Amino acid sequence: MLTGANGQLGRALQELLQQEPEVTVFATASKTSALEAPFPVTVLDITDKEAVRSVVLEEAPDIIINCAAYTKVDQCETDEENAAKVNEDGPRYLARAAKLVDAKLVQVSTDYVFDGKSEKPYVETDETNPVSAYGRTKLAGEKAVMEEWDKVFIVRTAWLYGDGKNFVKTMLNLSKTHKELSVVMDQHGTPTTAIELAKMIWFIAQTSRYGIYHGTCEGSTTWYEFAKEIFNVFGKTVLVHPVTSKEYNAAANRPEYSVLCNCRLNKETDYRMKEWKEALQDYAEWFQKKGGK
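Calculation criteria
Starting from 1, residues in each chain are numbered consecutively following that chain's sequence as written. Only residues with pLDDT of at least 70 are given local features in this predicted model, and only at 80 or more are side-chain atom pairs given and counted; all residues enter the totals for whole chains, interfaces and linings. As a convention, hydrogens and water are excluded, and side-chain values are obtained from all of the structure's heavy atoms. Lines fitted to C-alpha atoms define the axes, with helix axes restricted to the stretch in contact, and inter-axis angles between N-to-C directions lie between 0 and 180 degrees. Labels follow the DSSP assignment, with helices taken as runs of H or I lasting at least four residues and strands as runs of E lasting at least two, numbered in each case from the N terminus. Each angle gets one of four labels, with under 35 degrees taken as roughly parallel, over 145 as roughly antiparallel, 65 to 115 as roughly perpendicular, and the rest as oblique. Handedness of each helix crossing follows the sense of rotation of the near helix against the far helix: counterclockwise by less than a right angle gives left-handed, clockwise gives right-handed. A contact between two residues is defined here by any heavy atoms of the two lying within 4.5 Å. Any residue outside Ala, Val, Leu, Ile, Met, Phe, Trp, Tyr, Cys, Pro, Asp, Glu, Lys and Arg is labelled polar, Gly included; the first ten of those are nonpolar and the last four are charged. Between buried and exposed lies partly exposed: a residue is buried under 20% and exposed over 50% of the maximum accessible area for its type, with that area taken using a 1.4 Å probe on protein chains only. At least two DSSP bridges between two strands are required for those strands to pair. Crossovers are marked right-handed if the path from the first strand over the helix to the second runs clockwise, as seen with the strands pointing away from the viewer. Centre distance within 6.5 Å is the pairing criterion for rings of Phe, Tyr and Trp, where only the six-membered ring of Trp is used; planes under 30 degrees apart are then read as stacked, over 60 as edge-to-face, and the remainder as tilted.

1. Concerning the packing of helix α9 (residues 223–233) against helix α12 (residues 276–289)
Line of reasoning, step 1. Packing of α9 against α12 leaves a shortest axis separation of 10 Å and a crossing angle of 45 degrees. When the axes of α9 and α12 are compared, the pair comes out oblique. Here α9 runs over α12; the crossing is right-handed. Across the interface between the two elements, Phe226, Glu229, Ile230 and Val233 of α9 pack against Trp276, Lys277, Leu280, Gln281 and Ala284 of α12.
Line of reasoning, step 2. Class assignment for the residues of the contact of α9 with α12 results in 6 nonpolar, 1 polar and 2 charged.

2. Digging into the packing of helix α5 (residues 80–101) against helix α6 (residues 133–148)
Line of reasoning, step 1. At a closest axis distance of 8 Å, the pairing of α5 and α6 adopts a crossing angle of 15 degrees. For the element pair α5 / α6, the angle class is roughly parallel. α6 is crossed by α5, and the crossing has right-handed handedness. Counted together, Glu80, Ala83, Ala84, Asn87, Glu88, Pro91, Arg92, Ala95, Arg96 and Lys99 of α5 and Ala133, Tyr134, Arg136, Thr137, Lys138, Ala140, Gly141, Ala144, Val145, Glu147 and Glu148 of α6 form the full contact between these two elements.
Line of reasoning, step 2. Of the residues belonging to the contact of α5 with α6, the class tally is 9 nonpolar, 3 polar and 9 charged.

3. Notes on the pairing of strand β6 (residues 152–157)
Line of reasoning, step 1. With 6 of 6 residues buried, β6 is to be regarded as a mostly interior element.
Line of reasoning, step 2. In the sheet, strand β5 (residues 104–110) pairs with β6 via 6 bridges, with the strands oriented parallel. Bridging from a neighbouring strand, Gln107 pairs with Ile154 of β6.
Line of reasoning, step 3. As for the winding sense of the linkage, the β-α-β connection from β5 through α6 to β6 is right-handed.

4. As for the packing of aromatic side chains
Line of reasoning, step 1. This model, assessed by the stated rule, comprises 14 aromatic pairs.
Line of reasoning, step 2. Each ring, one from Phe114 and one from Tyr122, has its centre 4.1 Å from the other, and the planes form 10 degrees; the classification is stacked. Assigned by exposure class, Phe114 and Tyr122 land together as buried.
Line of reasoning, step 3. Relative to Trp223, the ring of Trp159 has its centre 3.7 Å away and its plane inclined at 15 degrees; by these criteria the two rings are stacked. In this pair, Trp159 sits in the loop between β6 and β7 (160–161) while Trp223 sits in helix α9, placing the two residues 64 residues apart along the sequence.
Line of reasoning, step 4. Here Trp159 falls in the buried class, since its relative accessible area comes to 10%.

Right, here's the structure in full:
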């Protein structure tokens, strides 16, 4: 069972699991999102406790992967109550329902559970300290699922892009009308493709090694350097100027340093995620095959 199936990660998982002959995917999404989905999707509001219970009991999935989230970081600052419903209450209801049918649950989380004050990559056991409403609600979601059920994987990721609205597409669209752009240079993280994350999640979900994992592409960069690499890979001539987060003036605080170390994955398994530049090349090929949409 795949919730939030029409988001970037949901679409990547759908694409990946279609290649698994023994896997049947039951895809769900919110009412608005379901209307836009390019594949059959059942409408499910994960904040509706009874609806979640009913659907899970009826479908009795072996694995539930929760990709549904309130991810508008700046909007969360003024709408924390609704963000908490989606990012905390929804996962709690899914965990309770998973327990009823003995299903594994994968809860997707974020680098925003950290404050960004570290000077080295965050490992899974590092202390959390979110500095935004988005981070607070996602951390509450992690705690909620672990309180409710034992067979839970939490996968924290960062700087995700795939089939949907994302930084890469924004840069490519801006390159059509701008010869120069200003991009933030004092936030460090790891761009991660939805397909790389989908593969990692599917690998982990087939094990019984429950608990917290970090799942990002390898290496790290800044938004400024990422933008330059995007234009390089896609063959665009755009002059990129570095600016500070303060100059950019976003509503929500962002972690200055949110590089995640895939320590547990690398230590306990043979699975490795691709380096971020290699994954960007793969994404460019996929994007062009789709006709650049």
